[in-house]
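A structural walkthrough
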Amino acid sequence: MTSVQSHQRQLSGSRVLIVLMVLVFLSSCSIFRPTAPPVKTEPKEEPIEPEEPKEVEKEETPVEPTVNSVVLLLPFQLNRIAGEPSREDVKRVSVPLDFYQGFKLAMDNLTQRGNNFKLTVLDSRDNAVENRRMAVSPEVQSADLIVGPIFPQEIEVFSSSSKAGHALQVSPLAASKPSQFMHPNLVSLIAPIDLHSFGIADYIEKIHRRDDQVILINKADEESVEFLTPLKRSFGEKGIQFTEVNDVNKVRDILNLVGNNIIVVGSTNKYAVNSILTGLVDLKDELDVKIDLFGHPNWSRGSFDTFNLELLNTKISTSFYVNADKSTVRDFQRKYRDEFKIEPTEYAYKGFDTGFFFGYMLAKYGKDYPQHLTEETYAGVQTDYRFERNSAWGYVNTFVRILEFNGYKYVPVN
């Protein structure tokens, strides 16, 4: 494959246009096949943990290998590029291009093991009409696996129009609640916010002691309501008592001077959060109390007072974490750099995990792979997959990881 790069600073507009034209308009003819006869050998080093499909005894009569059809729907929006691409054009295509590059690397990895895939890449354009048209196209209707679209509005339109039969529709990047779409074949890879709340509640239940005090600071903004409402429900189911306030100044009177103070903040507003952090540190120093702070998952992307985050033993939940010390991660990074001459981004990691796991499932189970989705677990380069199924709105990955701020970055708790 022609080497491509994904970051605005390292891509020329003409380079992006050429690569994407080839990618979108010619990839429908691409078939990923092994370069040698499909005799399986144990690779020296593989970048993923799931076990390979068991070797099947050769038959005397040659059998044509199965070719699994995969459709990838990404919003390249090539229709918006007129003439020489602008800096904004390059920025707009960076996410789908990075995801594609990671996905393709996974397909290459699996074909080296003797598996066969036909990959069709379509430009969803982030457009409702285009998504409705694609949903009934021959490529989609005959697909064994559909990955995308990635934006909530696209997913809703595509899901309501598609009649793809046995194929699953994988939502790889949207953190929307799957109940929003009500599509029984939808697979949501990013845990929605309520599952993060449940993950925090589970962790607090593990560390909670009889003398501990649980305090929720609810600023009543949209993020606080979405995050704290399911958390309170989970606390109620677990029998965990808590006190709820709307201002850090009201925390003083309810702080526990004996046990630990477990404080949860739901807001993501920079100024509100930094004010809360400062207030809690002042109380901690003045009253000599112990505080463990839990924040919203989006704090990992926020710009908050790092010194105060560390002093408060701040923890958050996440669906995305790359452990650079993990051998499979290092192997993926090396192969990605070799292939594309650039460091992988978050979306490249996600593309790889998506492509590898679902390609692996197709290779192992064929068209029956949906029946085994809840049975398989997967430890990837940036997340784990642990699926639960609802007959009305499909499959959801329930895995979240708890991270703690160490003064420089968030790392997994011990």
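Being a predicted model, the structure only gives us computed values, none of them experimental.

A short note on the nonpolar core
Counting 46 residues, the largest nonpolar core has Leu72, Val187, Phe358, Leu373 and Phe387 as the members making the most contacts within it. Listing elements by their share of this core, those giving two or more residues are strand 2 (68–74), helix 2 (87–111), strand 3 (117–123), strand 4 (145–147), strand 5 (168–171), helix 10 (327–340), helix 11 (346–365) and strand 13 (384–390). When residues of this core are assigned to their parent elements, the largest contribution, nine residues, is made by helix 11. Apart from the residues within four sequence positions on either side, Phe358 is in contact with Leu145, Val170, Val187, Leu189, Leu373 and Phe387. Listed in part, the 27 residues of the second largest apolar core include Ile215, Leu283, Leu309 and Tyr321.

Observations concerning the pairing of strand 5
Neither face of strand 5 is exposed, since Leu168 and Val170 on one face and Gln169 and Ser171 on the opposite face are all buried. Here strand 4 pairs with strand 5 via three bridges, running parallel. Paired with Leu145 across the two strands is Leu168, which belongs to strand 5.

Topic: helix 10
Counted at 1.5 Å a residue, the expected span for helix 10 with its 14 residues is 20 Å, and the 20 Å between its end C-alpha atoms agrees. When helix 10 is considered as a whole, its buried residues turn out to be Thr328, Val329, Asp331, Phe332, Gln333, Tyr336 and Phe340. Contact partners of the buried residues in helix 10: helix 2 and helix 11. The first or second residue beyond helix 10 is Lys341, which carries a positive phi of 60°.

Some thoughts on helix 6 (residues 193–207)
End to end, helix 6 covers 22 Å across 15 residues, agreeing with the expected 21 Å (1.5 Å per residue, within 8%). Here helix 6 has its buried residues at Ile193, Asp194, Leu195, His196, Ser197, Gly199, Ile200, Ala201, Tyr203 and Ile204. Those residues of helix 6 that are buried are in contact with helix 7 (222–238), strand 9 (260–265), strand 10 (290–294), strand 11 (315–318), strand 14 (394–397) and strand 15 (401–405).

Quick notes on the pattern of salt bridges
This model, assessed by the stated rule, comprises 18 salt bridges. Between Arg337 and Glu343 there is a salt bridge, and its shortest N-O distance comes to 3.2 Å. When salt bridges that share partners are traced, they join Asp331, Arg334, Lys335 and Asp338 into one network.

Describing the packing of helix 2 against helix 11
Running from N to C, helix 2 and helix 11 point in directions that differ by 35°, and their axes come no closer than 7 Å. Crossing of helix 2 over helix 11 shows right-handed handedness. Taking contact as the criterion, the partners of Val95, Asp98, Phe99, Gly102, Phe103, Leu105, Ala106, Met107, Asn109 and Leu110 in helix 2 are, on helix 11, Tyr347, Ala348, Lys350, Gly351, Phe352, Thr354, Gly355, Phe356, Gly359 and Tyr360. The class makeup of the residues in the contact of helix 2 with helix 11 is twelve nonpolar, six polar and two charged.

Considerations on the packing of aromatic side chains
Per the counting criterion, the structure on display carries 19 aromatic pairs. With a centroid separation of 6.2 Å and 25° between ring planes, the pair formed by Phe99 and Phe103 is classed as stacked. Of this pair, Phe99 and Phe103 both sit in helix 2, four residues apart, which is roughly one turn of that helix. Its relative accessible area of 0% is what places Phe99 among the buried residues. Overall, the relative accessible area of 0% leaves Phe103 in the buried class.

Here's the deal with the pairing of strand 3
Burial within strand 3 is extensive, with six of its seven residues counted as buried. In this sheet, strand 3 lies alongside strand 2 in parallel orientation, the contact comprising seven bridges. By the bridge assignment for strand 3, Val70 is matched with Leu119. With helix 2 bridging strand 2 and the parallel strand 3, this β-α-β connection has right-handed handedness.

Here we look at the environment of Ser275
Within the fold, Ser275 resides in helix 8 (residues 270–287). It is 9.5 Å that separates the C-alpha atoms of Ser275 and Asp305, two residues lying 30 residues apart in sequence.

Quick word on unusual backbone geometry
Omega for the peptide link from Gly148 to Pro149 comes to -5°, which places this bond in the cis form. One non-glycine residue, Gln77, adopts positive backbone phi at about 55°. Looking at the element boundaries, Gln77 is found in the loop between strand 2 and helix 2. Residues other than glycine seldom take positive phi values, yet Asp288 does so here, at roughly 55°. Classification of Asp288 by relative accessible area gives exposed; the value is 67%.

Topic: the confidence of the model for the chain
Mean pLDDT for the chain: 87, with 84% of residues reaching 70 or above. Counting interchain partners and residues more than four positions distant, the pLDDT-below-50 stretch residues 34–45 has 16 contacts.

Description of the side chain of Arg401
Relative to the assigned elements, Arg401 resides in strand 15. For the buried Arg401, no salt bridge exists, and the shortest N-O distance to an oppositely charged side chain is 4.1 Å, to Asp384. The residues contacting Arg401, other than those within four sequence positions of it, are Ile316, Ser317, Thr318, Tyr321, Gln382, Thr383, Asp384 and Pro412.

Overview of the environment of Asn260
Within the secondary structure, Asn260 sits in strand 9. Separated by 31 residues in sequence, Asn260 and Ile291 have C-alpha atoms that sit 6.0 Å apart.

Each value, and the rule that gives it
Throughout this document, residue positions are counted from 1 along each chain, in the order its sequence is written. Local features in this predicted model are restricted to residues whose pLDDT is 70 or higher, and side-chain atom pairs enter the listing and the counts only when it is 80 or higher, whereas totals over whole chains, interfaces and linings include all residues. Water and hydrogen atoms play no part in the side-chain values, which are based on all heavy atoms of the structure. Among buried residues, the Ala, Val, Leu, Ile, Met, Phe, Trp, Tyr and Cys ones that are joined through side-chain atoms within 4.5 Å form a nonpolar core. Accessibility here uses a 1.4 Å probe with only protein chains present; expressed as a share of the type maximum, an area under 20% marks a residue as buried, one over 50% as exposed, and anything in between as partly exposed. Going along the chain from the N terminus, every DSSP run of H or I of four or more residues is numbered as a helix, and every run of E of two or more is numbered as a strand. Between two residues, a contact is recorded if the distance between any of their heavy atoms is within 4.5 Å. A pair of strands counts as paired when DSSP detects no fewer than two bridges linking them. One less than the residue count of a helix, multiplied by 1.5 Å, gives the span that helix is expected to have. By definition, a salt bridge exists where a carboxyl oxygen of Asp or Glu is found within 4 Å of a side-chain nitrogen of Lys or Arg. Axes, fitted as lines to C-alpha atoms, cover a helix only where it is in contact. Angles between the N-to-C directions of the axes lie from 0 to 180 degrees. Should the near helix be turned anticlockwise from the far one by less than a right angle, the crossing is left-handed, and should it be turned clockwise, the crossing is right-handed. Under the scheme applied here, ten amino acids are nonpolar (Ala, Val, Leu, Ile, Met, Phe, Trp, Tyr, Cys and Pro), four are charged (Asp, Glu, Lys and Arg), and all others, including Gly, are polar. Only rings of Phe, Tyr and Trp enter the pairing, Trp through its six-membered ring, and a pair is recorded when the two centres are within 6.5 Å. The plane angle decides the type: under 30 degrees is stacked, over 60 is edge-to-face, the rest tilted. Handedness rule for crossovers: strands pointing away from the viewer, path from the first strand over the helix to the second running clockwise, crossover right-handed. Every residue carries a pLDDT, the predictor's confidence in it, which falls somewhere between 0 and 100. Just so you know, the count uses Lys and Arg for positive and Asp and Glu for negative, and it drops His and the chain ends.

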